[in-house]
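A structural walkthrough
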Amino acid sequence: MTENPAREYKRRLSDHIVDAFDMACSQGNVDAASGLYQTLEIVLTSQGGSGSVEKRQNIDFIHAAAAKLMTLKSEQRAA
């Protein structure tokens, strides 16, 4: 199986979790999205260790994921 060379390579586990989270949200699967968000939090807090510094330039994806999950949950409650 050959990889698509134009496809962006993601090496962080958190990147793959965010992709799965986005897919769960787009499918309206609140339970899966909630679980993946919790998993994202675990992965992000367990990386590094004492005194570690976040090396990412843009961590807005964390806030965006939280907002997306809150919207999805409120839509489900309204339905």
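Residues numbered from 1 in each chain as written. Predicted model: local features only at pLDDT ≥ 70, side-chain atom pairs only at ≥ 80, totals over all residues. Heavy atoms only, no water.

**Observations regarding the environment of V18**
Mapped onto the fold, V18 is located in helix α1 (residues 13-26). For the pair V18 and A33, spaced 15 residues apart in the sequence, the C-alpha separation amounts to 9.5 Å. Among all residues touching V18, those that are not within four sequence positions of it are L40 and F61. (Helix = DSSP H or I, 4+ residues; strand = E, 2+ residues; numbered from the N terminus. Contact = heavy atoms within 4.5 Å.)

**Quick notes on the environment of E41**
Looking at where E41 falls in the secondary structure, it is placed in helix α2 (residues 30-46). Taking the relative accessible area as the measure of exposure, E41 reaches 39% and is therefore partly exposed. C-alpha of E41 to C-alpha of S14: the two residues are 27 residues apart in sequence and 9.0 Å apart in space. (Buried < 20%, exposed > 50% of the residue type's maximum accessible area, 1.4 Å probe, protein only.)

**What to know about the environment of K68**
On the secondary structure map, K68 appears in helix α3 (residues 60-78). Residue classification places K68 among the partly exposed residues on the basis of a relative accessible area of 36%. Spatially, the C-alpha atom of K68 lies 7.6 Å from that of C25, the residues being 43 residues apart in sequence. If near-sequence neighbours (up to four positions away) are discounted, K68 is found in contact with F21, D22 and C25. Polar contacts involving the side chain of K68 include one to the side chain of D22, which spans 3.0 Å. (Polar contact = N/O pair within 3.5 Å; in protein donor to acceptor, adjacent residues only side chain to side chain.)

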